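Fold and contact review
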Amino acid sequence: IDRINIAIDGPAGAGKSTVARKVAAELSYVYVDTGAMYRAVTLLAQRNGIGPEQAADLHKLIEGLDLKLQPTSTGQKIMLHNEDVTELIRSREVTTQVSHYAANEYVRQKLGDMQRELASHKGIVMDGRDIGTHVLPDAELKIFLTASVKERARRRHQELNDSNYVPLEQLEAEIAARDKLDETREIAPLIQAEDAVFLDTSHMTIEEVVSYIVKLGQSKL
Ligand code: C5P
């Protein structure tokens, strides 16, 4: 085979998107951030005043979903009904609510189908929570990327600036709460796939993690 699919799963703030983007760039693969897709659905639902528990309304909303991912030189652009929402989906309002919407079966079904379609020609690095277990169970390389919750909160905290400042303790609590929701939901919960390589990055640099995964990927070719 000349191209493989790489699935990178793990809890919030483990560095999945940074790592996945760089791995994709090194291999000339396409990076797909599935968390961004759940975030876009969350934004759309919030704008329409639909709460995560309103299953019937969510189902209807999802049926008419127009969501496109456009690869760019630095990552990907998220187009929701032809509007660029790449920045908007990073708001705290979305971040603190997304796990509730992501537990909905129609949402997961629809986005999962889209993700499988995107990966059907191989050469994809996809990050998320259930990629190795549910979306791409046949991915040639699966990574479970994690770090201690303290370290993950610390990294997120460093990225903040004056306008979006959140105290470290609060960030840590929010990350832990999101992990718990993602790990305990009924459909496709966050869990390490049996055949995934476990990688605790608490004491690794991004470059170390990237080159390790690239080597593993090349060994599959
Ligand atoms: O990766 P990110 O932190 O942007 O993901 C946001 C949320 O989307 C996660 O906390 C999770 O609830 C949901 N998600 C998911 N399955 C995926 C990717 C993300 O349920 N494959």
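All of these numbers come straight from a predicted model, not from anything done at the bench. (Residues numbered from 1 in each chain as written. Predicted model: local features only at pLDDT ≥ 70, side-chain atom pairs only at ≥ 80, totals over all residues. Heavy atoms only, no water.)

Moving on, we come to the site of the ligand. Close to the ligand lie 16 residues, the nearest being Arg39, Arg108, Asp130, Arg178 and Asp182. Take Ser99: an N or O atom from its side chain is 3.0 Å from an oxygen atom of the ligand. At 2.9 Å from a nitrogen atom of the ligand is found a side-chain nitrogen or oxygen belonging to Asp130. Considered on its own, the ligand offers 450 Å² of accessible surface; in the complex 96% of this is hidden by protein. Counting residues per element, the ones that place at least two in the shell around the ligand are helix H2 (34-47), helix H4 (92-101) and helix H8 (168-184). The greatest single-element share of the shell around the ligand, amounting to four residues, is contributed by H2. (Near = heavy atom within 4 Å. Polar contact = N/O pair within 3.5 Å; in protein donor to acceptor, adjacent residues only side chain to side chain. Areas by Shrake-Rupley, 256 points an atom, 1.4 Å probe, with all protein chains shown as cover. Helix = DSSP H or I, 4+ residues; strand = E, 2+ residues; numbered from the N terminus.)

Take the nonpolar core next. Among the nonpolar cores identified, the biggest contains 34 residues, and Leu67, Ile78, Leu111 and Met126 are the most heavily contacted of them. Broken down by element, this core gets its largest block of residues, eight residues, from H2. With near-sequence residues (within four places) excluded, Met126 lies in contact with Ile6, Ala7, Ile8, Val32, Thr34, Gln115, Ala119, Ile131, Val135 and Leu136. One finds Ile4, Ile6, Ala20 and Leu141 within the second-largest nonpolar core, a separate group that totals 19 residues. (Core = buried A, V, L, I, M, F, W, Y, C linked by side-chain atoms within 4.5 Å. Buried < 20%, exposed > 50% of the residue type's maximum accessible area, 1.4 Å probe, protein only. Contact = heavy atoms within 4.5 Å.)

Here we take up the UniProt feature "binding site: ATP" (unreviewed entry) in the chain. As annotated by UniProt and renumbered to match this structure, "binding site: ATP" (unreviewed entry) occupies Gly10, Pro11, Ala12, Gly13, Ala14, Gly15, Lys16, Ser17 and Thr18. Locating Gly10 in the fold gives a position in the loop between strand E1 (5-9) and helix H1 (16-27). Gly10 has contacts with Lys16, Gly128, Arg129, Phe144, Leu145 and Leu190, leaving out every residue within four places of it along the chain. A relative accessible area of 7% places Lys16 in the buried class. Once residues within four sequence positions are removed from consideration, Lys16 is found in contact with Ile8, Asp9, Gly10, Pro11, Asp127, Gly128, Arg129 and Leu145. In terms of polar contacts, Lys16 uses its side chain to reach the backbone carbonyl oxygen of Gly10, at 3.1 Å. (UniProt positions renumbered as here; feature names shortened; annotations may be inferred.)

Another aspect to go through is the environment of Ile124. Inspection of the secondary structure puts Ile124 in strand E6 (residues 124-128). Relative accessible area serves as the criterion here: at 5%, Ile124 is assigned to the buried category. In sequence terms Ile124 and Gln54 are 70 residues apart; their C-alpha atoms lie 33 Å from each other. The residues contacting Ile124, other than those within four sequence positions of it, are Ile4, Asn5, Ile6, Tyr29, Val30, Val32, Leu118 and Ala119.

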